[in-house]
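In case you want the letters, here they are:
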Amino acid sequence: MSTSEPIGLSDAPALGAMALPAGTYDGKVVFVTGGGTGLGRAIATEFARLGARIVVASRKPEHLEAAREGLSPLGEVLTVACDIREPEQIAAAFDAAEATFGLPDVLVNNAAANFPVPAEDMSPNAWRTVVDITLNGTYFCAREFARRHLAAGTPGSIINVGASYAWTGGPGFAHSAAAKAGVKNMVETLAVEWGPYGIQVNGLVPGLFPHEDMTADIQGNLARTNDKDVCQPALRVGRPRELGWAATFLASPYARFISGHTLVVDGANWQRRSLTNPPVVTVRDQMGKGPFEP
Ligand code: HXC
Ligand code: NAP
């Protein structure tokens, strides 16, 4: 083998390995939106392994059940039905969290909405739905968390899960990309506003992390590429546990002076450019759609 043979970035340590000292989150309460599926569950799992009591908030009973099933072997877990578009449901979820475990020390704003659609095909309600869940819901949860901490005079940490098309735009994802750009920008504002009150605010951006809970829409989109590994500079996709290690670091005592930052965990995929551009393929063609019909 020549020394210039591509080898990619080495694989992650095995599931269950811990990046932080055992007990880092003993006595802490971590509130994860959308923590019953995919990356939210992977993040909640790493906090639980490190001693945290977990609150999972999302809409669907089957996702809340999955959270209870996956997390309760690791520690205490509370699940609360909550649509993050509705501020009063968020307040009720925080009331339930406080009554059971106490005020959450960490908020992971992980819940989001997304489906691929050419911008010209998107209905106003489709746009509103994705922006409402991804951007407004993230703000409403952050607001609830911060108001309770400011009133109590206690510190806290917020992590907003984003996406790299916040910087680049995302053909086929105009709604989600615009919403995630708002989420990233919000991290920077809130970190400054709430830092003086002891609240750290950071962003965490996953690259491509396939998992079994991905919606059919997203899976269908990804299925157009058979071997996703070779499309990444790392020559592999992300492992959900890698996002859990990043999140538990960001909210830990070891990262206290990191605030207003957005950490990208994607093996440099969003920086990828070609020496010479490949031919442009429209989003309609990429999605196998016929001509636009008004
Ligand atoms: C076009 C669509 C659509 C689609 C829904 N709509 N799916 N339009 N293409 N595939 C439209 C509907 O027609 C409707 O508009 C509007 O969106 C709202 O749809 P509802 O089904 O009524 O909304 P709701 O029940 O609130 O569900 C929200 C949802 C759903 C976003 C549509 O998919 C959902 O619950 N998603 C949550 C999980 C999720 O999205 N995970 C992805 C995160 S991954 P009209 O006009 O008909 O009323 C991610 C990054 C991945 O963010 C990046 C990977 C590369
Ligand atoms: P996912 O499995 O589809 O998770 C989305 C979660 O959000 C679900 O648990 C869902 O739970 C919850 N949710 C959606 N709408 C909600 C609402 N209105 N109120 C409360 N909860 C709601 O997706 P994922 O891949 O794990 O994505 C997690 C995060 O990573 C998202 O912010 C996403 O944008 C980001 N991301 C993922 C990738 C990737 O490759 N996977 C890449 C870039 C960014 P309910 O249905 O029960 O409400």
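The present account deals with the structure reproduced in this document. Keep in mind that this is a model prediction, so the values were computed, not measured.

In the neighbourhood of ligand 2, 26 residues make up the surrounding shell, with Thr-37, Ser-58, Arg-59, Asn-110 and His-211 lying closest. In the environment of ligand 2, an oxygen atom lies 3.3 Å from a nitrogen or oxygen atom belonging to the backbone of Gly-34. Between ligand 2 and the protein, one listed contact pairs an oxygen atom with a backbone N or O atom of Lys-60 at 2.9 Å. Calculation on ligand 2 without its partners gives an accessible area of 880 Å², and the protein chains cover 89% of this total. Among the residues forming the shell around ligand 2, the class breakdown is 11 nonpolar, 9 polar and 6 charged.

Inspection of every chain in the model, using the stated rule, returns 14 salt bridges. Ionic pairing is found between Asp-213 and Arg-41, a salt bridge with its closest N-O pair at 3.9 Å. Here the residue Asp-213 occupies a position in the loop between strand 6 (199-206) and helix 7 (216-222), and Arg-41 occupies one in helix 1 (residues 38-49), the gap between them amounting to 172 residues.

Structurally, Arg-284 is set in helix 9 (residues 283-286). What makes Arg-284 buried here is its relative accessible area of 13%. A distance of 3.2 Å separates polar atoms of two side chains, one belonging to Arg-284 and the other to Asp-121. For Arg-284, the contacting residues outside a window of four places in its chain are Pro-118, Glu-120, Asp-121, Lys-289, Gly-290, Pro-291 and Phe-292.

Right, let's get into helix 2 (residues 61-71). Within helix 2, the full set of buried residues consists of Leu-64, Ala-67 and Leu-71. Along the long axis of helix 2, the arc covered by the buried residues comes to 55°, so they all point the same way. Those residues of helix 2 that are exposed and angled more than 90 degrees off the buried face are Pro-61 and Glu-69. Tucked into the core, helix 2 has its buried residues touching helix 1, strand 2 (53-58) and strand 3 (77-81).

Bringing the side chain of Asn-110 into the picture now. For Asn-110, the location among the structural elements is in the loop between strand 4 (106-109) and helix 4 (124-152). Ignoring any residue separated from it by four or fewer positions in sequence, one finds Asn-110 in contact with Val-32, Thr-33, Gly-34, Leu-39, Gly-40 and Val-161.

Moving on: the state of the cysteines. For the coordinates displayed, the defined rule picks out 0 disulfides. The thiol sulfur of Cys-82 is not disulfide-bonded, and the nearest other cysteine sulfur, from Cys-141, lies at 6.0 Å. Classification of Cys-141 as buried rests on a relative accessible area of 1%.

In this structure, Phe-31, Val-55, Ile-158, Trp-194 and Val-201 are the most contacted members of the largest nonpolar core, which totals 30 residues. Looking at this core, the elements that each hand over two or more residues are strand 1 (29-33), strand 2, strand 3, helix 3 (87-100), helix 4, helix 6 (174-194) and strand 6. The biggest single contributor to this core is helix 4, with 6 residues. Not counting the four nearest positions on each side in its chain, Trp-194 is found in contact with Ala-142, Arg-143, Ala-146, Ile-158, Ile-199 and Val-201.

Tracing the backbone shows Arg-59 in the loop between strand 2 and helix 2. Under the relative-accessibility criterion, Arg-59 is labelled partly exposed at 44%. Measuring from C-alpha to C-alpha, the distance between Arg-59 and Ala-81 comes to 5.2 Å, with 22 residues separating the pair along the chain.

We now examine the site of ligand 1. Taken together, 14 residues surround ligand 1, and among them Arg-59, Asn-114, Ser-123, Asn-125 and Asp-217 come closest. Taking Arg-59, its side chain carries an N or O atom lying 2.7 Å from an oxygen atom of ligand 1. One of the side-chain nitrogen or oxygen atoms of Asn-125 is found 2.9 Å away from an oxygen atom of ligand 1. When ligand 1 is considered free in solution it has 1,100 Å² of accessible area, and contact with the protein chains removes 58% of it.

Now for the sheet that holds strand 7 (residues 262-265). Across a sheet, strands are paired by hydrogen bonds formed along the backbone, either parallel or antiparallel in direction. The 7 strands lie next to each other as 3-2-1-4-5-6-7, forming an open sheet whose pairing is parallel. Looking at the sheet topology across the chains shown, the edges are occupied by strand 3 and strand 7. Averaged over all pairs of adjacent strands, the angle between their axes in this sheet comes to 20°, without regard to strand direction. The pairing of strand 1 with strand 4 spans 3 bridges and is classified as parallel. Of the residues in strand 4, the one forming a bridge with Phe-31 is Leu-107. Across the sheet, helix 4 lies against strand 1, strand 4, strand 5 (156-161) and strand 6, angled at about 175° from strand 4, the strand it touches most.

Helix 8 (residues 240-250) packs onto helix 1 with a crossing angle of 55° between their chain directions and a minimal axis gap of 8 Å. For the element pair helix 1 / helix 8, the angle class is oblique. The handedness of the crossing between helix 1 and helix 8 comes out as right-handed. Taken together, the residues of helix 8 that come into contact with helix 1 (itself represented by Leu-39, Ala-42, Ile-43, Glu-46 and Phe-47) are Pro-240, Arg-241, Leu-243, Gly-244, Trp-245, Ala-247 and Thr-248. Per-class residue counts for the contact of helix 1 with helix 8 are 8 nonpolar, 2 polar and 2 charged.

Rules used throughout
Residues numbered from 1 in each chain as written. Chains lettered and ligands numbered in written order. Predicted model: local features only at pLDDT ≥ 70, side-chain atom pairs only at ≥ 80, totals over all residues. Heavy atoms only, no water. Near = heavy atom within 4 Å. Polar contact = N/O pair within 3.5 Å; in protein donor to acceptor, adjacent residues only side chain to side chain. Areas by Shrake-Rupley, 256 points an atom, 1.4 Å probe, with all protein chains shown as cover. Nonpolar A, V, L, I, M, F, W, Y, C, P; charged D, E, K, R; others polar. Salt bridge = Lys/Arg side-chain N within 4 Å of Asp/Glu carboxyl O. Helix = DSSP H or I, 4+ residues; strand = E, 2+ residues; numbered from the N terminus. Buried < 20%, exposed > 50% of the residue type's maximum accessible area, 1.4 Å probe, protein only. Contact = heavy atoms within 4.5 Å. Arc of directions from axis to C-beta. Disulfide = S-S within 2.5 Å. Core = buried A, V, L, I, M, F, W, Y, C linked by side-chain atoms within 4.5 Å. Pairing = 2+ DSSP bridges. Axes fitted to C-alpha atoms, helices over the stretch in contact; angles between N-to-C directions. Parallel < 35°, antiparallel > 145°, perpendicular 65-115°, else oblique. Left-handed = near helix turned anticlockwise from the far one by under 90°.

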